[in-house]
Amino acid sequence: MEKYIVPGLPTPYFVVDESFLIKNLEILKSVCDRAGCKILLAQKAFSMYRTYPLISRYLYGTTASGLHEARLGKEEFPGETHVFSPAYREDEFEELLTYADHFVFNSPRQVEKFGMRAKKAGKQIGLRINPQCSTQEGHEIYDPCADGSRLGTTLANFDPKQVEILDGLHFHTLCEQNSDDLETTVIEFEKKFGKYLHSMKWLNLGGGHHITRKDYDIEKLINIVKGLKKKYNVEVYLEPGEAVVLNAGFLVTSVMETFNNVIDVAIVDTSAACHMPDVIEMPYRPPLYNSGESGEKKYTYRLGGPTCLAGDVIGDYSFDEPLKEGDKLIFEDMALYTMVKTNTFNGMKLPSIVYRKKDGSFELVRSFTYEDFKSRL
Ligand SMILES: Cc1ncc(COP(=O)(O)O)c(C=O)c1O
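Rules used in this analysis
- Residues numbered from 1 in each chain as written.
- Predicted model: local features only at pLDDT ≥ 70, side-chain atom pairs only at ≥ 80, totals over all residues.
- Heavy atoms only, no water.
- Near = heavy atom within 4 Å.
- Polar contact = N/O pair within 3.5 Å; in protein donor to acceptor, adjacent residues only side chain to side chain.
- Areas by Shrake-Rupley, 256 points an atom, 1.4 Å probe, with all protein chains shown as cover.
- Nonpolar A, V, L, I, M, F, W, Y, C, P; charged D, E, K, R; others polar.
- Disulfide = S-S within 2.5 Å.
- Buried < 20%, exposed > 50% of the residue type's maximum accessible area, 1.4 Å probe, protein only.
- Phe/Tyr/Trp six-rings, centres within 6.5 Å; stacked < 30°, edge-to-face > 60°.
- Helix = DSSP H or I, 4+ residues; strand = E, 2+ residues; numbered from the N terminus.
- Lys NZ or Arg CZ within 6 Å of the ring centre and 35° of its normal.

Another point: the site of the ligand. Taken together, 13 residues form the shell around the ligand, and within it Gly208, Glu239, Gly241, Glu242 and Tyr337 come nearest. Within the side chain of Lys44, an N or O atom sits 3.1 Å from an oxygen atom of the ligand. For the ligand, whose accessible area on its own is 400 Å², the fraction buried by protein is 87%. Among the residues making up the shell around the ligand, the classes are represented as 4 nonpolar, 5 polar and 4 charged.

If you want it as structure tokens, here you go:
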């Protein structure tokens, strides 16, 4: 793991490892080939476009959450560009038409407002469905099927008259889930919307499929996709973000100081709040190389960042040796929902971005300065 320490480069920095990326991409490509589906990269999870030439050799295109991601996908990723937004902006729509090939709308009203304009521009249009089938527990902010959700059209709000202009249907309901939850959702979706699927060209099953995770049941996914294709004669799209870069990135940080305040504390030069906000938002405990759970190894520390936020805490980790100033710590699984979510709260410097090639060489893709902070304010 020490191989991710870049000699001479100040911490913190993200390192994305090409070999691990390729490993994931090969799994995804084999799913495409075996199931006969099309997989898109959900850029909201990972937009390090330096890797797009590689990813585009395996995946079919990108999906975007709005204008800027759609433009990035169009500019940097050969293949189809899809976009979904809960509500499109009038003042952006014409420009968006120049980037995206597929438009997914959130509601019948959005279809009414923008659908025909997209069709006339030669685009495919779809509607996001809310099948009202929650399959996850604990992470309510990641459940688009919860009561009161603004994401997707429920059966009660569906307008069958629009079926004739729609090219496809879309649902996104999963988050880090296995194919058994997809199966449950498909059954519910078919009960409510199956009859409309016969007149569609495609069905998009969204993201949240943890396909590249060790225990993911790929055979079940392939059977579901094949079954849908056969029954409804539709193309099937998947748009995972996490699965594309799962375990393919690292965040290297240095210990700045240690002290005791009831427990041992270490300040590191990366911030949960600024550099891995999902740690606080989700919340979760990022894996840290060569460490154990609190109390598992001899020396336990609470690791926190250098911002003013009392809750800028990454977690409690234990080590075989006491931490000392200058020690390098390597957080794992740091490619997804990190670089795209960093911020400069407290004027914090953003971590540099490094690409580690298959041959072991490093490419410094980007480093950041005061201007990146100032220019946004
Ligand atoms: C519509 C849509 N598609 C795809 C994704 C990607 O999901 P994941 O990164 O969990 O695979 C998301 C994530 O929020 C999403 O909202």
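Still more ground to cover, so stick around.
Under the criterion given, the structure shown has 0 disulfides. Left without a disulfide partner, Cys274 is nearest to the cysteine sulfur of Cys308, which lies 8.8 Å away. We classify Cys274 as buried; its relative accessible area is 0%.

Before going further, it helps to spend a moment on the packing of aromatic side chains. A ring pair, where both rings are aromatic, is described by two values, the distance of the centres and the angle of the planes. All told, the structure shown has 18 aromatic pairs when counted by the stated rule. Aromatic pair Tyr88 and Phe93: ring centres 5.7 Å apart, planes at 80°, arrangement edge-to-face. Residue classification places Phe93 among the buried residues on the basis of a relative accessible area of 0%. Ring centres of Phe189 and Phe193 lie 5.7 Å apart, and the angle between their planes is 25°; this geometry places the pair in the stacked category. Taken as a pair, Phe189 and Phe193 lie in helix α6 (residues 179–197) at a separation of 4 residues, close to a single helical turn. Its relative accessible area of 0% is what places Phe193 among the buried residues. An aromatic cluster of three or more residues is present, and its members are Tyr88, Phe93, Phe103, Phe105 and Phe114. In this structure, Arg128 packs its charged tip against the face of Phe84, placed 4.8 Å from the ring centre.

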